[in-house]
Amino acid sequence: MTKRQPIDYKKELEDASKSMILIHDPQVLIKMIVRRLVQRVGVKHIGILLYNKEKDTYVLTVSRGLSGLKIPAGFARMDSDNPLIRFFRERYDKKFFGTDVLEYKKLNQRVTDKKQSKKAANFLRKVSFQMEMFEAVACVPSFFRDELIGILLLGAKERNAAFKQEELNFFAALASDVAMAIRNAQLFKELEGELEKRRSLFIHTTIALAATVEAKDHYTHNHIARVTNYSLAIARKMQERMKLDDKFMENLHIASLLHDIGKIATPERILNKTAGLTIGERKVIQQHPLKGVTILQAIRELHEVIPGVKYHHERYDGKGYPEGLKGKEIPLSASIISVADTFDAMTTDRPYRKALTKEEALVELKHCSGTQFAPEVVKAACEVLLPQA
């Protein structure tokens, strides 16, 4: 058997601490720590009991080591009244041993000590039995402030050698860092969960807000949902040719839902007019992108989606509104919504005209490519909108 090289425990601790900072998943973090200990220290098996706050119980989250010497992860659960949990929660480790590490050998010596009271001896005997269940020769608690986050269960070393004091000190110091890292990782996961809840609520609120437009405009039933679906389909096709990240897709999603939000400020008599619009009425309609900006700019979370709403009536040749932007000056999200919006308008019946077929609408998009619409957006639209529709 190859002899292990001496371990620089200070360096090991520093390396472990640096690695832990980078990991925000508690499960991944714990597995990394356990794997490191098994490989570097030469422990036959290691397990970690981790506190589950929701169920107020400690679960054997990770177990590593030789086959037959480890209890399967998730198999063991301990409530707060378990003797081993109580031993550390109520800080009997300090009262009885004045140390952060509980050693099985010293624990049993204390159990048989005749100076020990009967009540204390019975309690310590129960703690000893718990360690025997896990074949643990040492237990190291991991505290965050006064909260017991977990317990490191250490099996025997290879060749059954005794743990040196420097190794026990290393475990105690590591446990302190682990507690901080685990708590930070848990907080990060909780934050992710809260953000996802907020995002879901935000999307539903956005949909409800967008629905108020359709409630005013009788001729655009389900228009917003279709434009959103078309826009996202076009963008996904464009992802095959260019890098559009998740943030872009999310902003496009919301901008598509809200592209006509400014119509809330447009009189219903104009929105629902069955005859052609006068020049004055058309000017009122053309104000809706800027009205939308006015509505949305008060909501900080929507600032990044405003360009898609504001500029979705701009034209590639610079003849659109509200600012007459042209070519690449027009934000990509707005260019995509413009094509999706126009495609849906052409393929939907209106009081003053019948809908075009999907094929006819795509021919019209191609005809206006490079003048009204961005060519790369039209190209993607022609590849996806026919099967979509």
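For clarity, every value in this text was computed on a predicted model and none was experimentally measured. (Residues numbered from 1 in each chain as written. Predicted model: local features only at pLDDT ≥ 70, side-chain atom pairs only at ≥ 80, totals over all residues. Heavy atoms only, no water.)

Enquirer: Explanation requested: the pattern of salt bridges in the structure shown.
Expert: When the charged atoms of two side chains lie near each other, side chains of opposite charge can form a pair. Throughout the structure, instances matching the rule amount to 18 salt bridges. A salt bridge links Lys247 to Glu304; the shortest N-O distance between them is 3.9 Å. With Lys247 in helix H9 (residues 246–257) and Glu304 in the loop between helix H12 (288–296) and helix H13 (306–310), this residue pair connects regions lying 57 residues apart in the sequence. The class for Lys247 is partly exposed, based on a relative accessible area of 43%. Of the charged contacts, one joins Lys328 and Glu376 as a salt bridge, the two residues approaching to 2.9 Å between their closest N and O atoms. Residue Lys328 is located in the loop between H13 and helix H14 (332–346), and its partner Glu376 is located in helix H16 (residues 375–388); the two are separated by 48 residues in the primary sequence. According to the relative accessible area criterion, Lys328 is exposed, its value standing at 67%. Judged by its relative accessible area of 25%, Glu376 falls in the partly exposed class. Three or more residues joined by partner-sharing salt bridges are found here, namely Arg91, Asp93, Lys94 and Asp100. (Salt bridge = Lys/Arg side-chain N within 4 Å of Asp/Glu carboxyl O. Helix = DSSP H or I, 4+ residues; strand = E, 2+ residues; numbered from the N terminus. Buried < 20%, exposed > 50% of the residue type's maximum accessible area, 1.4 Å probe, protein only.)

Enquirer: Where do I start with helix H15 (residues 358–367) in this structure?
Expert: Quick reminder: α-helices carry 3.6 residues per turn. Residues three or four places apart thus point the same way. Turning to H15, its buried residues are Ala361, Leu362 and Leu365. With its buried residues spanning 100° around the axis, H15 presents them on a single face. Exposed and oriented more than 90 degrees from the buried face of H15 are Val363, Lys366 and His367. (Arc of directions from axis to C-beta.)

Enquirer: Would you explain the pairing of strand S1 (residues 45–52) in this entry?
Expert: Regular strands show a simple pattern: their side chains alternate between the two faces of the sheet. Among the eight residues of S1, seven are classified as buried, and the element is accordingly described as predominantly covered. Inspection of the sheet shows S1 paired to strand S6 (residues 147–154) by five bridges, in the antiparallel sense. Its bridge partner being in S6, Leu49 is matched across the sheet by Ile151. (Pairing = 2+ DSSP bridges.)

Enquirer: What should I look at first to understand the environment of Asn52 in this one?
Expert: With respect to the element layout, Asn52 can be found in strand S1. Judged by relative accessible area, Asn52 falls into the partly exposed class, the value being 25%. Along the backbone, Asn52 and Asp79 are 27 residues apart, and their C-alpha atoms lie at a distance of 9.9 Å.

Enquirer: Is there a simple way to explain empty space enclosed by the protein in this structure?
Expert: To find the voids left in a structure, one rolls a probe of water-molecule size over its atoms. On inspection of all chains with the given rule, the structure shows three cavities of 30 Å³ or more. Computed from the structure, the largest cavity encloses a volume of approximately 90 Å³. Of all the elements in the fold, those that place two or more residues in the lining of the largest cavity are S1, strand S5 (138–144), S6 and helix H7 (165–216). A per-class count over the lining of the largest cavity returns ten nonpolar, two polar and no charged. Considering only enclosed or pocket space, the second largest cavity measures out at about 60 Å³ in volume. Looking at side-chain class alone, the lining of the second largest cavity contains six nonpolar, three polar and two charged residues. (1 Å grid on protein atoms, 1.4 Å probe; cavity = no way out; pocket = protein on both sides within 12 Å on 5 of 7 lines; lining within 4 Å. Points joined across faces, edges and corners; volume = space filled by probe spheres on them. Nonpolar A, V, L, I, M, F, W, Y, C, P; charged D, E, K, R; others polar.)

Enquirer: Looking at this structure, I do not really get unusual backbone geometry. What am I missing?
Expert: Residue Pro322 is bonded to the preceding Tyr321 through a cis peptide linkage, with omega at 15°. By the secondary structure assignment, Pro322 is in the loop between H13 and H14. Look at Asp56: it is not a glycine, yet its phi comes out positive at around 50°. Relative to the assigned elements, Asp56 resides in the loop between S1 and strand S2 (57–65). Given a relative accessible area of 33%, Asp56 falls into the partly exposed group.

Enquirer: Which parts of the structure should I look at to understand the packing of H14 against H15?
Expert: Describing two packed helices takes the angle between their axes plus the distance from one axis to the other. Contact geometry of H14 with H15 gives a least axis separation of 9 Å together with a crossing angle of 140°. Here H14 lies oblique to H15, going by the angle between them. Once H14 is placed against H15, the crossing between them reads as right-handed. The segment H14 lies against H15, with Val339, Phe343 and Met346 engaging Lys358, Ala361, Leu362, Glu364 and Leu365. Looking at the contact of H14 with H15 residue by residue, the classes come out as six nonpolar, no polar and two charged. (Axes fitted to C-alpha atoms, helices over the stretch in contact; angles between N-to-C directions. Parallel < 35°, antiparallel > 145°, perpendicular 65-115°, else oblique. Left-handed = near helix turned anticlockwise from the far one by under 90°. Contact = heavy atoms within 4.5 Å.)

Enquirer: Where do I start with the packing of helix H8 (residues 223–238) against H14 in this structure?
Expert: For the pair H8 and H14, the least separation of the axes is 8 Å and the interaxial angle reads 130°. The angle between H8 and H14 places the two elements in the oblique class. The element H8 and its partner H14 pack so that their crossing is right-handed. On the side of H8, the interface is formed by His223, Arg226, Val227, Tyr230, Ser231, Ile234, Ala235 and Met238, while H14 contributes Leu332, Ile336, Ile337, Val339, Ala340, Asp341, Phe343 and Asp344. Across the contact of H8 with H14, the residue classes tally to eleven nonpolar, two polar and three charged.

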